[in-house]
Structures are given as C-alpha cells and as structure tokens.
Amino acid sequence: MAVTTDEILDLEVPAPVPFSRRGAIDGLRSRMPIGPSLPSVYQGDDFCQRFTTVFDDVLSPVVATLDSLDAYLDPALTAEDFVAWLAGWVAVSLDESWAPARRRQLVARAVELYRSRGTAEGLVAAVELYTGVTPEVVESGGCGWSEVADSALPGSAQPRLQVVVRTPDPSRVDARVVERIVAENKPAHLAHHVEITAG
C-alpha cells in the first residue's frame, strides 16, 4: 500500500526525549571558529563562512569542555554528577545520604586513605571523614623493643579492635555506615566492635 506525501505530513511526530548535553549553552561562541582557519580562497566566500558556523555551534561545547578538562577531574570543582564518576576511578563507594562536600572530600583523599589502609591512622582518618569527629581506636597489637631477653611482649594475646565515636548527637551518625567503614579499613583478620556514644 502506497503512502502519499500528505499522509506522511499528517503523521504525529512524538516530541524528542530531552537529554542533557554537558557544555551545551545557547549562544555559546566557539573559541576556535573554523571559517578563519580555512585557506584564504574560502575566507572571502560568504557561503563557506556561513556554512562553517554550523560546525562551530556543534563543536563549541566540545571545545569548552576540553578547555576546562582539569576542572572536571578535580573533586572540589567538578559537577556533582561527576563526583560519582571520579569515585569509580579511585574505587571508592559513595553513600548518597552523605553531604556533597563530604563525598568530594572522600574522593579527593582516596589515594591518601589507601596508603594507610589497615593501620590505626588510616582507620581514624576514614571514620573522621564520615563522622566529623576523631574516633578513639583501641587495638590489641603493639610493638616495642627491649635489651632484656624474654621480656614481656607488648599488646595482648587476643586480637581485637574497638572503635569509639564520641559525638554530640549520636542520632546523626549511622552506625551501619561506620561499621562498613571500619570493616573496609581495618586489618582483615581482626574482629572489631564499634561504639557510638554522646560526648
């Protein structure tokens, strides 16, 4: 069955699905227009100059993005939706309930935290980043030296780890999140106990 031109023109076309194009700003002028970079024989041609402005409009968001690429890769400056993307680069899992500033801090300090992972200092830094207070870490290990043979070993024989978070408002700290942070940043063989108290 043949379809006439009138029937085609009468068809209802669905509205385009809106999508986000980063850097697409109405009236954004390209910093590198194509027309002036053409050979001189085309620079005097009005049609060529007008024709290349179409490509300038399409490429201007790309040029603008590339010009500010360093800002996209800086957790303190990048757009909020890019913070999660950067977190994937450094293998950090972000909690959507955290404040945006705290998520940015975690991504910015991820490599530093990885260097000290499994140590008491690393555990304190990771918990402090989430809670905003410095926790107390009580661990069973220790190291020391003595000039006397058969002297007592430091620490205790039973391995354990206790993390105490003293905060003015314990209801604002999610104990499950602190548990997860401690589990991810402690030595794997240690059992741990988390305590959140008012203080």
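This text follows the structure it describes.
Residues numbered from 1 in each chain as written. Predicted model: local features only at pLDDT ≥ 70, side-chain atom pairs only at ≥ 80, totals over all residues. Heavy atoms only, no water.

Undergrad: A description of helix H5 (residues 80–89) should follow, citing residues and the corresponding values.
TA: Because an α-helix completes one turn every 3.6 residues, residues spaced three or four positions apart along the sequence face the same direction. Taken as a whole, H5 has its buried residues at Phe82, Val83, Leu86 and Ala87. For H5, the angular spread of the buried residues around the axis is 155°, confining them to a single face. Directly after H5, the chain includes Ala91, whose backbone phi takes a positive value near 55°. (Buried < 20%, exposed > 50% of the residue type's maximum accessible area, 1.4 Å probe, protein only. Helix = DSSP H or I, 4+ residues; strand = E, 2+ residues; numbered from the N terminus. Arc of directions from axis to C-beta.)

Undergrad: Run through the pattern of salt bridges, naming residues and quoting values.
TA: Counted by the stated rule, this structure contains 7 salt bridges. Of the charged contacts, one joins Arg180 and Glu184 as a salt bridge, the two residues approaching to 3.5 Å between their closest N and O atoms. Taken together, the residues span about one helical turn, with Arg180 and Glu184 both in helix H9 (residues 175–185) at a distance of 4 residues. With relative accessibility at 28%, the residue Arg180 sits in the partly exposed group. Residue Glu184 is classed as partly exposed on the basis of its relative accessible area of 34%. By sharing partners, the salt bridges in this structure join Glu80, Arg103 and Arg104 into a single network. (Salt bridge = Lys/Arg side-chain N within 4 Å of Asp/Glu carboxyl O.)

Undergrad: Tell me about the packing of aromatic side chains, and name the residues and values.
TA: Tallied over the full model, the rule gives 6 aromatic pairs. Each ring, one from Trp85 and one from Trp89, has its centre 4.8 Å from the other, and the planes form 55°; the classification is tilted. Linking Trp85 with Trp89, this pair stays in helix H5, spanning 4 residues, or about one helical turn. Using a relative accessible area of 56% as the deciding quantity, one classes Trp89 as exposed. In textbook terms, an aromatic cluster arises when at least three aromatic residues are bridged by ring pairs, as seen for Tyr72, Phe82, Trp85 and Trp89. (Phe/Tyr/Trp six-rings, centres within 6.5 Å; stacked < 30°, edge-to-face > 60°.)

Undergrad: Describe the sheet that holds strand S1 (residues 136–139), and please don't skip the residues or the numbers.
TA: Adjacent strands of a sheet form backbone hydrogen bonds with each other and so pair up, either parallel or antiparallel. Read from one edge of the open sheet, 3 strands run S1-S2-S3, paired in mixed fashion. Single-partner strands in this sheet number two, and they are S1 and strand S3 (192–198). Strand-to-strand twist across the sheet, computed as the mean angle between neighbouring axes with direction ignored, equals 15°. Where strand S2 (residues 161–167) lies against S3, 7 bridges are found, and the strand directions are parallel. Note that in S3 the partner of Gln162 across the bridge is His193. (Pairing = 2+ DSSP bridges. Axes fitted to C-alpha atoms, helices over the stretch in contact; angles between N-to-C directions.)

Undergrad: Explain the side chain of Ser60 to me, using residue names and the numbers behind them.
TA: Relative to the helices and strands, Ser60 is located in helix H3 (residues 46–67). Its relative accessible area of 4% is what places Ser60 among the buried residues. Filtering out sequence-adjacent residues up to four positions away, Ser60 remains in contact with Leu28, Arg29 and Ser30. (Contact = heavy atoms within 4.5 Å.)

Undergrad: With reference to specific residues and values, describe the packing of helix H8 (residues 120–131) against H9.
TA: Direction vectors running N to C along H8 and H9 enclose 155°, while the axes themselves pass 9 Å from each other. When the axes of H8 and H9 are compared, the pair comes out roughly antiparallel. Considering only the axes of H8 and H9, their crossing is right-handed. Counting all contacts with H8, which are made through Leu123, Ala126, Val127, Tyr130 and Thr131, the residues of H9 involved are Val177, Val178, Ile181, Val182 and Asn185. Here the contact of H8 with H9 is composed, by residue class, of 8 nonpolar, 2 polar and no charged. (Parallel < 35°, antiparallel > 145°, perpendicular 65-115°, else oblique. Left-handed = near helix turned anticlockwise from the far one by under 90°. Nonpolar A, V, L, I, M, F, W, Y, C, P; charged D, E, K, R; others polar.)

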